[in-house]
Amino acid sequence: MTKVTLVIASLLVLALIAGAGAQVGVSNTSGTNESSNQTTGSMQNVTGNATDLTNAASTFAATFENNASRTNLAPIPSFTADIGLELVAQNFTSPMMVTSPDDGTGRLFVVDQIGVVWIVDPNGTTLSEPYLDLRGNLADLSPTYDERGLLSIAFHPDYRTNGKVYAFYSAPLRPEAPEGWSCTNHISEFQVDPENPNAVNVSSEKVLMYIDKPYQNHNGGQLAFGPADGYLYISLGDGGKANDVGNGHTPGIGNAQDLTKIYGKILRIDVDTVTAGGMPQQNATATMTATGNMSVNRTENPPEPTWTTFAGSLYGIPPDNPFVGTQPKILDTYAYTSVPPEIYAYGFRNPAYMAFDSGGSNALFIGEAGQNLFEEVDIALNGGNYGWHIREGTHCFDPNATTAPGKSCTITGLQGEPLIGPIFEGGHDLGLVVVGGNVYRGTTVTGLDGRYLFGYWSDSRTVGNGTILAATPPTGWAEGALPETAASLTPEENAMWDVQTVNIIARNNETLGAFLRGFGEDTNRDMYVLTNDVGGPDPSTSTGKLWKIVPPTAVTPAPATATPTVTQTAAGNQTQNMTENQTGTMAAGGGMGAGATLPSFLSSPDPAGNIMEVLLSTETSIPLEESPAFGNFTLFTGLLQSTGVAATLEGPGPYTVFAPTDAAFARMDPDLREPILNGSANSTEVVLYHIVNGSYTLADLSNVPTLQTLQGGNLTVNATGAVVMVNNATVAIPDLMADNGVIQGIDTVLIPPEA
């Protein structure tokens with residue numbers, strides 16, 4: 001007898017409840033809605049008298065064609081981008097970065113997202129005990145996908161003598177944070193154990209910053225000391241979710257353009273001189289005990305979001321930070337009334353990768369994860385505005401219509417300052433999200449010097465298939481010619497770089513065959529690559545590897561991982577893996593495509609009757625004119641695979657899948673909608689989708705009592721779109737949204753034909 005499992009899969013509950021916090025200040029945020037920042041003019045760029053630094057007119061800018069974003073690669077004829085990869089160490093879980101202190105030991109330190117730092121000695125042996133173990137300090141991570149965790153460390157420039165190391169990690173939400181938020185990120189200082197140079201004294205922790213996060217994604221998460229100034233740089237994302245809107249985001253302008261918030265910024269602090277700079281903004285009332293513990297006095301009705309910093313007691317403010325001494329105009333659209341003096345640069349979505357050039361001009365390179373369309377790499381300068389969410393890469397951005405570039409926007413920020421465009425802009429034809437790297441300054445591989453090596457995480461969320469890229473600066477670009485501040489930057493100095501794919505010798509193509517997790521360099525400036533075979537920080541896995549970039553003639557076997565299946569559809573078009581971006585976006589070319597090989601646990605004696613087979617074959621048959629325009633149904637099927645829900649869909653059904661978006665609720669008659677929302681502010685406060693067994697007609701699914709019975713009164717949706725018959729399922733897809741690595745909402749109904 002075929003097993004038919006009743007599944008009521010509540011895969012996502014977003015409790016977006018505004019709570020109390022610890023931010024002190026007077027809010028400037030009015031009750032305005034989260035509207036688009038697009039202008040009403042018909043021009044692509046509204047220029048005025050400002051210098052255009054956006055690179056929107058560059059021939060290297062990515063394009064948007066046939067509902068897809070595409071990269072303009074520009075190979076250098078005289079440069080052959082071939083490398084080898086030499087396996088150095090393995091058996092990590094989710095390696096995020098590799099670094100090395102200038103202490104003469106030659107040790108490499110591998111940061112694993114699950115909360116540990118491992119030492120690899122000069123002989124390639126990974127020590128049995130971790131250097132730093134914060135697993136007990138972390139928020140609970142989702143093993144299938146999560147952007148939180150231990151994200152980076154940075155050694156003090158004088159680590160050889162003072163033994164100080166700094167970490168960025170995601171801790172559980174502190175009591176002072178708004179209720180229902182995701183986590184509290186810690187920027188902490190630790191001291192190496194004086195009795196053991198291979199271990200950190202975890203009890204020595206001093207938390208320099210507590211940063212509350214409304215969502216698990218867009219943490220930024222990188223720490224780096226400036227080679228020239230010795231200051232600590234910290235990258236912070238815009239707060240998470242998508243489009244720089246939502247709970248904890250400044251309405252209308254978003255967090256990244258709000259200078260009174262630290263979200264969507266690069267911060268710079270002085271960890272050596274606590275009195276450096278002017279008087280810092282006091283954003284929390286805090287006291288320190290003799291042991292370094294903190295207590296925060298909650299103010300009455302504090303505004304959100306919250307963060308607590310200890311400028312003036314645990315660190316100082318560099319005197320040449322852009323908003324020290326001179327505060328910009330506090331706009332009515334800003335949330336608060338003062339600008340944090342820690343801000344160094346702003347206008348970032350998720351600066352998840354950050355590294356200084358260890359030679360040349362010591363430029364600061366930012367790998368910034370994009371939204372639905374474009375990825376980018378920036379060179380960050382003091383006081384620079386990098387455009388989000390006025391722009392995504394070089395293109396205009398409309399947070400209310402994210403599946404195509406906005407029709408028009410400004411080239412300046414809210415203060416009239418130029419928006420600085422990226423030196424690289426990529427589409428999702430290369431993969432799902434950019435992975436920032438380093439400028440190669442090693443001596444192992446000739447021809448790479450001065451080129452920026454970076455890549456893409458993968459073109460699939462379920463099968464690792466990362467790509468490495470090499471960027472060459474434009475002719476005449478002088479490494480030491482960048483100005484001290486963004487105010488002096490010229491279009492020539494910010495010109496886009498030539499980018500080409502890097503071929504990894506000993507493989508039969510230009511891809512890694514694994515997820516690309518990060519890059520790093522040792523004290524000799526030789527570069528390394530980090531990979532693993534699974535998409536999330538699953539502690540039960542140990543597929544993470546550390547590779548050294550070597551000449552193409554000196555290689556060890558590349559990662560032994562499955563190559564994504566590419567098949568021909570009946571129409572003769574290739575169908576490749578298509579799935580969701582780790583930052584919540586979509587790209588052509590990833591996931592479980594039609595004709596792909598299913599995991600064995602999904603196979604059945606009668607594949608034509610298996611509901612997953614139906615779903616997988618459906619994705620290439622539905623006209624995808626909805627939002628997003630490329631592969632939206634694939635995103636849903638990919639999520640079923642990655643969450644394990646697919647494993648329960650063993651029988652021939654019938655099954656019914658239905659889910660609402662805010663737009664779906666808006667289309668409903670108020671008399672139907674209000675009983676369902678039951679006083680909730682919006683549909684994101686209820687479970688977003690379910691799968692149940694049994695056949696239900698479209699009429700059933702528009703009947704409130706029926707669905708309240710099915711789902712305990714939590715949810716309903718009226719299928720308003722035209723249906724499409726595909727094999728043994730009826731499909732209606734009026735709308736779909738994706739964000740935060742999971743489905744945030746779809747308005748979908750699947751009904752077997754016998755219904």
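Residues numbered from 1 in each chain as written. Predicted model: local features only at pLDDT ≥ 70, side-chain atom pairs only at ≥ 80, totals over all residues. Heavy atoms only, no water.

**Re the overall build of the protein**
Broken down by element type, the protein carries 7 helices and 41 strands. At a minimum sequence separation of 6, the contacts of the protein that also span at least 24 residues come to 69%. A total accessible area of about 26,600 Å² is found for the protein, and carbon and sulfur atoms account for 50% of it. (Helix = DSSP H or I, 4+ residues; strand = E, 2+ residues; numbered from the N terminus. Contact = heavy atoms within 4.5 Å. Areas by Shrake-Rupley, 256 points an atom, 1.4 Å probe, with all protein chains shown as cover.)

**Observations concerning the nonpolar core**
Formed by 39 residues in total, the largest nonpolar core has its most connected members in Leu208, Met209, Ile211, Leu223, Leu232, Ile234 and Ile269. Listed by contribution, the elements that provide at least two residues to this core are strand 9 (150–155), strand 10 (164–171), strand 12 (196–213), strand 13 (223–225), strand 14 (232–235), strand 15 (265–269) and strand 19 (343–346). The element best represented in this core is strand 12, accounting for 5 residues. The residues touching leucine 232, leaving out its near neighbours within four places in the chain, are Ala154, Tyr166, Leu223, Ala224, Phe225, Leu267, Arg268, Ile269 and Val271. Judged by nonpolar contacts, the second largest core, of 36 residues, contains Ile266, Phe365, Leu430 and Ala486. (Core = buried A, V, L, I, M, F, W, Y, C linked by side-chain atoms within 4.5 Å. Buried < 20%, exposed > 50% of the residue type's maximum accessible area, 1.4 Å probe, protein only.)

**Points about the packing of aromatic side chains**
Enumeration over the complete set of coordinates arrives at 19 aromatic pairs. Here the aromatic rings of tyrosine 210 and phenylalanine 310 are separated by 6.4 Å at their centres, their planes lie at 70°, and the arrangement is edge-to-face. Remark: phenylalanine 310 occurs in the loop between strand 18 (307–309) and strand 19 and tyrosine 210 occurs in strand 12; sequence separation between them is 100 residues. Three or more aromatic residues joined by ring pairs form one cluster here, namely Phe365, Phe424, Tyr452, Phe454, Trp477 and Trp497. (Phe/Tyr/Trp six-rings, centres within 6.5 Å; stacked < 30°, edge-to-face > 60°.)

**Observations regarding the pairing of strand 27 (residues 434–439)**
Among the 6 residues that make up strand 27, 6 are buried, leaving the element largely enclosed by the rest of the structure. Where strand 27 and strand 28 (residues 452–456) come together, 4 bridges link them in antiparallel fashion. Residue pairing in the sheet places valine 434 in a bridge with tyrosine 456 of strand 28. (Pairing = 2+ DSSP bridges.)

**Notes on the sheet that holds strand 28**
An order of 27-28-29-30 is seen for the 4 strands of this open sheet, with the pairing classed as antiparallel. Across the chains shown, the open sheet's two edge strands, defined by having one partner strand only, are strand 27 and strand 30 (498–501). For this sheet, the mean inter-axis angle between neighbouring strands, taken without regard to orientation, is 25°. Two strands pair when backbone bridges link them, and strand 28 and strand 29 (residues 467–472) are joined in this way by 5 bridges, in the antiparallel orientation. (Axes fitted to C-alpha atoms, helices over the stretch in contact; angles between N-to-C directions.)

**Remarks on unusual backbone geometry**
Residues tryptophan 388 and histidine 389 are joined by a peptide bond in cis, for which omega reads 0°. Structurally, histidine 389 is set in the loop between strand 22 (375–380) and strand 23 (391–392). Here the phi dihedral of asparagine 91 falls at roughly 75°; this positive angle occurs in a residue that is not glycine. Its location among the elements puts asparagine 91 in strand 4 (residues 82–92).

**Description of the sheet that holds strand 12**
An order of 9-10-11-12-18 is seen for the 5 strands of this open sheet, with the pairing classed as antiparallel. Only two strands of the sheet have a single partner each, and these edge strands are strand 9 and strand 18. Within the sheet, the average angular offset between the axes of one strand and its neighbour, ignoring direction, is 30°. Summarising the sheet, strand 12 and strand 18 pair through 3 bridges and their orientation is antiparallel. If you follow methionine 209 over to strand 18, its bridge partner there is threonine 309.

**Points about the pattern of salt bridges**
In total, this model carries 9 salt bridges according to the counting rule given. Residues arginine 107 and aspartate 103 are paired through a salt bridge, measuring 2.7 Å at the closest nitrogen-oxygen approach. Given a relative accessible area of 8%, arginine 107 falls into the buried group. Between aspartate 357 and arginine 441 there is a salt bridge; the shortest N-O distance is 2.8 Å. Taken as a pair, aspartate 357 in the loop between strand 20 (353–356) and strand 21 (364–368) and arginine 441 in the loop between strand 27 and strand 28 lie far apart in primary sequence, 84 residues in all. Each member of the pair aspartate 357 and arginine 441 is classed as buried. Taken together, the shared-partner salt bridges connect Asp229, Arg268 and Asp320 into one network. (Salt bridge = Lys/Arg side-chain N within 4 Å of Asp/Glu carboxyl O.)

**Regarding the state of the cysteines**
Applying the stated criterion across every chain, the model contains 1 disulfide. One disulfide in the model links cysteine 396 with cysteine 409; its S-S distance is 2.1 Å. As the torsion about the S-S bond is roughly -75°, the cysteine 396-cysteine 409 disulfide counts as left-handed. Of the two residues, cysteine 396 sits in strand 24 (residues 395–396) while cysteine 409 sits in strand 25 (residues 409–410), which places them 13 residues apart along the sequence. According to the relative accessible area criterion, cysteine 396 is buried, its value standing at 2%. Assessed through its relative accessible area of 0%, cysteine 409 is described here as buried. (Disulfide = S-S within 2.5 Å.)

**Quick notes on the side chain of glutamate 417**
Of note, glutamate 417 is situated in the loop between strand 25 and strand 26 (424–426). Looking at glutamate 417, its side chain comes within polar contact range of the side chain of tyrosine 346, at 2.7 Å. Once residues lying within four places of it in the same chain are set aside, the contact partners of glutamate 417 are Tyr346, Asn385, Ile411 and Thr412. (Polar contact = N/O pair within 3.5 Å; in protein donor to acceptor, adjacent residues only side chain to side chain.)

**Examining the environment of threonine 250**
In this structure, threonine 250 sits in the loop between strand 14 and strand 15. Taking the C-alpha atoms as reference, threonine 250 lies 10.0 Å from threonine 260; in sequence the two are 10 residues apart. A polar contact of 2.7 Å, which involves the side chain of threonine 250, links it to the side chain of aspartate 258. At a separation of 2.9 Å, a polar atom in the side chain of threonine 250 contacts the side chain of lysine 261.

**Focus on the environment of arginine 517**
Inspection of the secondary structure puts arginine 517 in strand 32 (residues 515–521). Each C-alpha atom, one on arginine 517 and one on threonine 531, is 5.2 Å from the other, the two residues being 14 residues apart in sequence. Here arginine 517 is in contact with Ser94, Pro95, Met96, Gln113, Tyr353, Val435, Trp457, Leu530, Thr531, Asn532, Val534 and Gly535, once residues within four sequence places are set aside. Of the polar contacts made by the side chain of arginine 517, one reaches the side chain of serine 94; its length is 3.1 Å.

**Observations regarding the confidence of the model for the protein**
Of the residues in the protein, 62% have a pLDDT of 70 or more, and the chain-wide mean is 72. Low pLDDT (under 50) marks residues 1–47, which in the prediction has 153 contacts with non-local residues, meaning those over four places away or in another chain. In the model, residues 680–755 has pLDDT below 50 throughout and makes 248 contacts with residues more than four positions away in sequence or in other chains. (pLDDT = per-residue confidence, 0-100.)

**Re the environment of asparagine 201**
Considering the arrangement of structural elements, one finds asparagine 201 in strand 12. With 70 residues separating them in the primary sequence, asparagine 201 and tyrosine 131 have C-alpha atoms 9.2 Å apart. Here serine 203 takes part through its side chain, which lies 2.6 Å from a polar atom of the side chain of asparagine 201.

**A closer look at the pairing of strand 29**
For strand 29, a buried count of 6 out of 6 residues is recorded, marking the element as mostly surrounded by other parts of the structure. Burial along strand 29 is two-sided: Thr467, Leu469 and Ala471 and Ile468, Ala470 and Thr472, pointing in opposite directions, are all buried. Pairing of strand 29 with strand 30, which is carried by 4 bridges, proceeds in the antiparallel orientation. Bridge pairing in strand 30 links alanine 471 to valine 499.

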